[in-house]
Amino acid sequence: MPRPVNPALISPVLLGPPQPTLFQRRWPQRSAAAERPVLIGGIVTAVIAAASVPVDRPGIGWPTAGLGLLVSLAVVLVRSGRGAGRTTPAEATIWSVAALALLSVGAFRAAGWLFVLCLLAAFGCVALAVGRGRRVPAVLTAVVNLPIAGFRSLPWVRWGFVRQRHADGADNLIRLTLSIGLGAVLLVVFGALFASADAAFDRVVSGILPDFSAATVVRWVLVAVVAAWLLFGAAYLVDSPSSIGDGPAGEPRTVRRIEWLVPVGALLLMFVLFVGIQLTVLFGDRDYVMRTVGLTFAEYARKGFWQLLVVTLLTLVVMAVTVRKAPRAKTADRVLLRAVLGLLAVCSLVIVASALRRMDVYQDAYGFTRLRVLVYAFELWLGALFVLVLIAGLGRRATWLPRVAVALWVVTLLGLAVLNPDRFIAARNVDRVNAHNADVWYLRTLSADAAPELDRLPPGARECALSDISADLAESPDDWRGWNLGRSQARQIVPERVQATGYPCYRRY
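Owing to the predicted nature of the structure, the values given are computational and were not obtained by experimental measurement.

Visitor: Quick question: what am I supposed to make of the packing of aromatic side chains here?
Guide: Any aromatic ring pair is given by two values, namely how distant the centres are and how the planes are angled relative to each other. Counted under the stated rule, the structure contains 8 aromatic pairs. Residues Phe378 and Trp381 carry aromatic rings whose centres are separated by 5.5 Å and whose planes lie at 35° to one another, so their mutual orientation is tilted. Here Phe378 and its partner Trp381 are both found in helix 14 (residues 370-392), 3 residues apart, which amounts to about one turn of the helix. Taking the relative accessible area as the measure of exposure, Trp381 reaches 15% and is therefore buried. Their ring planes at 70° and their centres at 5.6 Å tell us that Trp381 and Trp409 sit as a pair that is edge-to-face. Of the two residues, Trp381 is situated in helix 14 and Trp409 in helix 15 (residues 401-419); the sequence distance between them amounts to 28 residues. Against the face of Trp159 rests Arg158, its NZ or CZ located 4.9 Å from the ring centre. The ring of Trp441 is capped by Arg444, whose NZ or CZ atom sits 4.6 Å from the centre of that ring.

Visitor: Please explain the nonpolar core as it appears in this structure.
Guide: The nonpolar side chains of a soluble globular protein tend to be buried, and buried together. Residues Leu102, Leu114 and Leu454 are the most contacted members of the largest nonpolar core, which totals 109 residues. With 13 residues, the single largest contributor to this core is helix 13 (residues 331-366). In contact with Leu102, other than residues within four places in its own chain, are Phe115, Cys118, Ala121, Ala122, Cys125, Val410, Leu413 and Leu414. Membership of the second largest hydrophobic core comes to 7 residues, among which are Val53, Trp62, Phe115 and Val223.

Visitor: Any chance you could explain helix 4 (residues 89-104) here in plain terms?
Guide: Three- or four-residue spacings in an α-helix give side chains the same orientation, since the helix completes a turn every 3.6 residues. With 16 residues, helix 4 ought to run about 22 Å at 1.5 Å a step, and its terminal C-alpha atoms sit 22 Å apart, in line with that. Listed in full, the buried residues belonging to helix 4 are Glu91, Ala92, Trp95, Ser96, Ala98, Ala99, Leu102 and Leu103. For helix 4, the arc enclosing every buried residue in end-on projection is 160°, short of the 170-degree limit, so these residues lie on one face. For helix 4, exposure combined with an orientation more than 90 degrees from the buried face picks out Pro89, Ala90, Ile94 and Val97.

Visitor: Looking at this model, I keep getting lost on unusual backbone geometry. Mind explaining?
Guide: Positive phi, normally seen in glycine, also occurs at Asn420, with a value near 60°. Inspection of the secondary structure assignment puts Asn420 in the loop between helix 15 and helix 16 (421-433). Since its relative accessible area comes to 10%, Asn420 is described here as buried.

Visitor: I keep staring at the state of the cysteines and nothing clicks. Help me out?
Guide: In protein chemistry, a disulfide is the covalent bond that joins the sulfur atoms of two cysteines. Considering all chains together, one arrives at 0 disulfides under this definition. Left unpaired, Cys118 is separated from the closest cysteine sulfur, that of Cys125, by 10.0 Å.

Visitor: Can you walk me through the pattern of salt bridges in this structure?
Guide: Where charged atoms of side chains with opposite charge meet at close range, the side chains can pair. Throughout the structure, instances matching the rule amount to 11 salt bridges. Across the pair Glu453 and Arg423 runs a salt bridge, and its minimum N-O distance is 3.3 Å. Within this pair, whereas Glu453 is found in helix 18 (residues 451-454), its partner Arg423 is found in helix 16, the two being separated by 30 residues in sequence. Note that Asp455 and Arg462 form a salt bridge whose closest N and O atoms lie 2.6 Å from each other. Residue class for Asp455 comes out partly exposed when judged on its relative accessible area of 33%. Overlapping salt bridges bring together Arg423, Glu453 and Arg456 as one network.

Visitor: I keep staring at the packing of helix 13 against helix 14 and nothing clicks. Help me out?
Guide: Each pair of packed helices gets described by two things: the angle between the helix axes and the distance between those axes. One way to put it is that helix 13 packs onto helix 14 with a least axis distance of 9 Å and a crossing angle of 165°. Our classification of the angle between helix 13 and helix 14 gives roughly antiparallel. Here the hand of the crossing between helix 13 and helix 14 comes out left-handed.

Rules of the game
- Residues numbered from 1 in each chain as written.
- Predicted model: local features only at pLDDT ≥ 70, side-chain atom pairs only at ≥ 80, totals over all residues.
- Heavy atoms only, no water.
- Phe/Tyr/Trp six-rings, centres within 6.5 Å; stacked < 30°, edge-to-face > 60°.
- Helix = DSSP H or I, 4+ residues; strand = E, 2+ residues; numbered from the N terminus.
- Buried < 20%, exposed > 50% of the residue type's maximum accessible area, 1.4 Å probe, protein only.
- Lys NZ or Arg CZ within 6 Å of the ring centre and 35° of its normal.
- Core = buried A, V, L, I, M, F, W, Y, C linked by side-chain atoms within 4.5 Å.
- Contact = heavy atoms within 4.5 Å.
- Expected span 1.5 Å × (residues − 1).
- Arc of directions from axis to C-beta.
- Disulfide = S-S within 2.5 Å.
- Salt bridge = Lys/Arg side-chain N within 4 Å of Asp/Glu carboxyl O.
- Axes fitted to C-alpha atoms, helices over the stretch in contact; angles between N-to-C directions.
- Parallel < 35°, antiparallel > 145°, perpendicular 65-115°, else oblique.
- Left-handed = near helix turned anticlockwise from the far one by under 90°.

Written out as structure tokens, the structure reads:
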């Protein structure tokens, strides 16, 4: 006789439809195929980017490609008749203009490190232009949603091409693409023949067209694919907005008043004690600091700057968690929360001022570098961010704060571009050379933006500082895509390669 089966050992069978995925719940696809404006915009964007982007350097080709992408995206927005969630057309326009302004830095500044920061910020601006979120998680995930949307758009775009190919009376996009390719081939063939027949025409063509090689073709293909991928991803977000990270705020709060007040209040008392000491340092003289802490003023500045920077960042995290968890149903709770966090923000402003003071003393002893200039800018951004936090505390809701904080960082980067940091660093260090308190080896690592100031150096030091810049200019001539104001001015200063001879051109620190 068979033994009975224990019902507890039988795996339960789930009945009913399967549970929806995260994308199905928070990011559903609204349409099955891309419309014709999206397809044409992707092709136009890919062609413009492939023809104009200089991958290895900042140049005027970057804002040219950015303008092509943003105009194509604007056409998609207008023709589709759909908004990007809660991002208004005016706000999307502002973010698009900010992205174009950041890309335009490549046409004026030769500093690669600055342009990389502007390029990353421009990507974030495009993501916010087509994103819908207002809360901090949504703003952070917007940067991730754009590349994910690029991958999700691939079948969407494919079915768009299929639909256009089978549509009655529709233009055949494949034939249009082949026509564009045939025109490019004809231009190349006949251009090469004309260039070989006439030297003047050859010079004109050489300034317009790059050297054709396998690497050039691969670069064109990669740039075209990336540009079209970004356009299709942005268009997909416009068609199917994502609400990931933009859910409800999660009421009710999970802690009582005493549970958040004890740790945050203790932190506030420590801040007040530290700020009291820092006020003495900020307004005291160097002799007082040296007697008090037993360090030189420069050593004191260098010792504590990075710790204060970390403290400032952690304070923002503590304030965000407190706002999230503290109760605000009663008027007394709201007043207490605003008072405590307001005092914490004010103390943080003093800490930012202390960090800036330390950095000022540090650079006064050792001179400016790129890192020190960037840290200056970052600390100023943090200080302005705490001011925004204070303003946000006056209202009941501050859904505008995350996006305004990003906009403030964009303004900071554009301010750096206007400052021309490499030239600023060179100008502040040139006068230190005569006092034998400057690292000429470091000056030679600056970009072509610094050439007008390095040209003022005494003989020997000038050749040392300009040697690497002149070598880069000689080895990497610019066509129209890579034209850059900083490199153009540097070529007038050092038209030929400069050799560093007769001077101790080595690292001094």
